[in-house]
Protein chains: 2
Amino acid sequence: MTDEQQENPRAGVSRRRLLGITGTGAAVGAATFAGGLGLGRATADDSVPQGGSRTYPFYGGHQSGVVTPAQDRLHFAAFDVTATTREDLITLLQAWTLAAAEMTQGRPAQADETSYDAPPADTGEADGLPASGLTLTFGFGPSLFRDAQGKDRFGIAARQPKELARLPHFPADKLDPSRSDGDLCVQACADDPQVAVHAIRNLSRIAFGSAEIRWAQLGFGRTSSTSTSQATPRNLFGFKDGTANLKAENAGDLDQHVWVARGDDPRAEWMTGGSYLVARRINMHLETWDRTSLREQEAIVGRDRPQGAPLSGGTEFTEPDFAAKGRGNEPLISATSHVQLAHPTRNGGAKMLRRGYNFTDGNDALGRLDAGLFFLAYVRRPSTQYIPMQNRLAQHDGMMEYLQHTGSALFAVPPGARAGGYVGEVLFT
Amino acid sequence: MTDEQQENPRAGVSRRRLLGITGTGAAVGAATFAGGLGLGRATADDSVPQGGSRTYPFYGGHQSGVVTPAQDRLHFAAFDVTATTREDLITLLQAWTLAAAEMTQGRPAQADETSYDAPPADTGEADGLPASGLTLTFGFGPSLFRDAQGKDRFGIAARQPKELARLPHFPADKLDPSRSDGDLCVQACADDPQVAVHAIRNLSRIAFGSAEIRWAQLGFGRTSSTSTSQATPRNLFGFKDGTANLKAENAGDLDQHVWVARGDDPRAEWMTGGSYLVARRINMHLETWDRTSLREQEAIVGRDRPQGAPLSGGTEFTEPDFAAKGRGNEPLISATSHVQLAHPTRNGGAKMLRRGYNFTDGNDALGRLDAGLFFLAYVRRPSTQYIPMQNRLAQHDGMMEYLQHTGSALFAVPPGARAGGYVGEVLFT
Ligand code: HEM
Ligand code: HEM
């Protein structure tokens, strides 16, 4: 043991040793001391008790975070790639993959081999917290394939999926460019927001010099159930949201409506097992909604507020009966109700996997909460499953009076990475 | 039963009945149906399982949310009062009191006596969620007492506490007026953010016409333990935060440092049993911090990162020994370290109850996370417990290089309301 170690026991002790990853001969003197330091996340014995030791695999045929039962909290980030070479982009995806594989298992983003004289490899704010069901889901925006001038940025333009085009302008859209689009996206979902924020921060840090955050969105409460094991949560209109959602348990539905299949797009076979992610930041005019009668609110949605039952009767999971008539021979579920306009029978059978979150970002200049629903939906074919429905809703949905779409993006979500590979590898090989 | 009720069973059913609060004779026909609707929050049998059925009393000698063990999530709002009469201000405080007493017990904000033709009294997004430890803590800003011209707005100027003055400008402050000050504040803390957001939204709705939100802040993770029963959480610098905080278990400390005592301020005896709340939005330059060596980070804080132990040795709760010397006779804890500069022995014995939260509000134009610590601290005397310390830190704290204070406010937090009374009543009687 050197003098330095005697005087300041931590001086020169490598953090790799502190992590307990290895103990070299020279470290024995310090190891006793280091024993108590354990920087590893999952192992910290004084962990903040938040529950949530649940973990989801990172590697696999599909990415996690799509049909994974929607976790409670979200941190979403869209990135602009500043790297200019294909190699640098691949290096970024490889580094992200390694970090994501660690963090989703409740470990620090990067194993730490540095000394006290280097910055810590992980930023530390999730030390002691369990994995909390963290999933990290990566996507590619249309602009990754071609820049605004149509130039092939990374030699992948020929493989751009035909479904991956910027979303069109929809009626009443009032989009903020600084909350829209992006070359890459990362959806971090977890049951503890600190874990989700930690993940985005560390990925953003790893991207330093190759990509930077274009926009980010925190979601404080899930607005959809995506599994029959989950109770249906409520959105900021106070209504249950997710009742008629696709559910992870119905594998047939997922294959039909969520996962891209071989042959869907011959020039983008790499998307097989992937999906498309529609992201829409939708502000909700809560003050106006709150001044609307319950009758009107329910008519707009097409379901009742207490239970989420269709206005044609029954309980939450009863199928709506759009033919049912009430007083004056009026339909019990209005033709301009959200539920009827969005229903598969009115959309050529189209369904989507909704996975949105409530958000609030402070307030606007008029003292109203800047709040709403960060709509996320996974579909196999945006052109048939999202775009026509959004057009129909934008034109006819009575709810539109209370909504304003302020952000928009579409991403191709590649299949899962294989262990030893990296997310999106299929696009580059 | 009318035809209307037969054809649309919910038509004309009062929501008061749906709430199960009362059943009048005329309602019997519908009651069967209504039985299944239960809008009450705590009783919904299909509640989203989030844990957190913990409740704290609203009425009492002190307001809850001060020494209450810090809950995980925060929604904070500062309001500008638009009402111009004392009566209207009192009416607002009365309405807020009633709603707060309901919501903190896991019930809707307002009992619902309206029909389907009126807006629901509660906005509904917390239906089915437990109380989740919700506390609502109310405060009065200096501007409530006198406007910018010094005019007595509500006949209370003579009773303005001498401690309740706008915080001075501190070195390096870069305050955004739209994130600072306010006539009133509400601190909503809960273990479920949806419950905290619901509370602020409903209070803001109740305030319609009397007060509007000036600024609001969501905090996604607590940065302080305020009870010996809590593990110490971490801030976004990755360090444990709250180690040397005042703890609710030390009643002597609370009486000495948190609660205003009789005689503290003869012109504001109404503050007896209350406290002062300092709110500072502090942006943290995470990217710069993340490029700093662990050694430097620890030197800046004065504690180690893994455990939060003082650099003079020991474990988390060992008292720092500022006299301890290391190599070259240098102090092990630097004189410019945050912990030494903030320590009571360096501040004439001053202590405060810190109750802050990590925040992230998207990103800035440079693609950096707009993130930091929303610093909240409760003190008996801002003039001796906060202002000198903040001046000292702003001038000497090595951490300041990584911080930017962007919001600032001070509020007088009156004692708790008595059942049947309202929060702040002591100021008006
Ligand atoms: C802030 C905006 C929105 C709100 C508040 C909202 C709310 C709701 C509610 C309360 C339901 C009924 C419960 C359920 O089945 O989940 C619902 C259903 C649905 N919504 Fe939305 N929604 C919004 C935007 C959208 C958008 C933009 C789309 C797609 C373009 C969409 C597509 C659907 C679909 C497909 C259903 C299921 C319809 C069915 O099969 O019955 N929603 N929504
Ligand atoms: C983003 C800004 C800040 C960060 C990241 C931060 C972080 C920390 C950390 C890591 C500790 C050591 C652990 C503990 O005892 O809690 C600490 C202690 C403390 N901080 Fe801060 N702090 C910040 C701002 C402030 C401000 C503005 C004040 C008051 C003006 C303050 C007052 C204190 C006090 C009184 C202690 C306890 C000192 C002791 O008795 O040992 N901090 N802070």
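If you're wondering where the values come from, they're calculated on a predicted model, not measured in any experiment. (Residues numbered from 1 in each chain as written. Chains lettered and ligands numbered in written order. Predicted model: local features only at pLDDT ≥ 70, side-chain atom pairs only at ≥ 80, totals over all residues. Heavy atoms only, no water.)

Q: I'd like to hear about the coordination of the iron atom of ligand 1, residue by residue, with values.
A: In this structure, the iron atom of ligand 1 receives exactly one donor atom from the protein: His338 of chain A (NE2), at 2.0 Å. Turning to its location among the elements, His338 of chain A is positioned in helix H10 (residues 338–342). (Donors = N, O, S within 2.8 Å, 3.2 Å for Na, K, Ca; no water. Helix = DSSP H or I, 4+ residues; strand = E, 2+ residues; numbered from the N terminus.)

Q: Please set out helix H6 (residues 193–206) of chain B residue by residue, giving values where relevant.
A: One turn of the α-helix equals 3.6 residues, which is why residues spaced by three or four share an orientation. Its 14 residues place the ends of H6 of chain B 20 Å apart at the C-alpha level, agreeing with the 20 Å of an ideal helix rising 1.5 Å per residue. You can read the cap of H6 of chain B off the contacts: a side-chain oxygen lies 2.8 Å from the backbone nitrogen of Gln194 of chain B, and it is on Asp192 of chain B. (Expected span 1.5 Å × (residues − 1). Polar contact = N/O pair within 3.5 Å; in protein donor to acceptor, adjacent residues only side chain to side chain.)

Q: Before we move on, can you summarise the pairing of strand E9 (residues 369–379) of chain B with the specific residues and values?
A: Residue and element names in this part refer to chain B. The element E9 is extensively covered by neighbouring structure, given that eleven of its eleven residues are classed as buried. Where strand E6 (residues 275–284) meets E9, eight bridges bridge the pair, whose relative direction is antiparallel. Within E9, the position partnered with Leu277 by the bridge is Tyr378. Where strand E7 (residues 353–354) lies against E9, two bridges are found, and the strand directions are antiparallel. What sits directly across from Arg354, in E9, is Ala377. Direction of pairing for strand E8 (residues 357–363) relative to E9: antiparallel, over a ladder of five bridges. What sits directly across from Asn358, in E9, is Leu373. (Buried < 20%, exposed > 50% of the residue type's maximum accessible area, 1.4 Å probe, protein only. Pairing = 2+ DSSP bridges.)

Q: Now, about the environment of Leu74 of chain B: what can you tell me, with residues and values included?
A: Residues and elements named next belong to chain B. On the secondary structure map, Leu74 appears in strand E1 (residues 73–81). For Leu74, a relative accessible area of 1% corresponds to the buried category. Sequence separation between Leu74 and Gln194 is 120 residues; the distance between their C-alpha atoms is 9.8 Å. Residues contacting Leu74, with those up to four places away along its chain left out, are Gln187, Ala188, Cys189, Ala196, Gln217, Leu218, Gly219, Tyr357, Phe374 and Leu376. (Contact = heavy atoms within 4.5 Å.)

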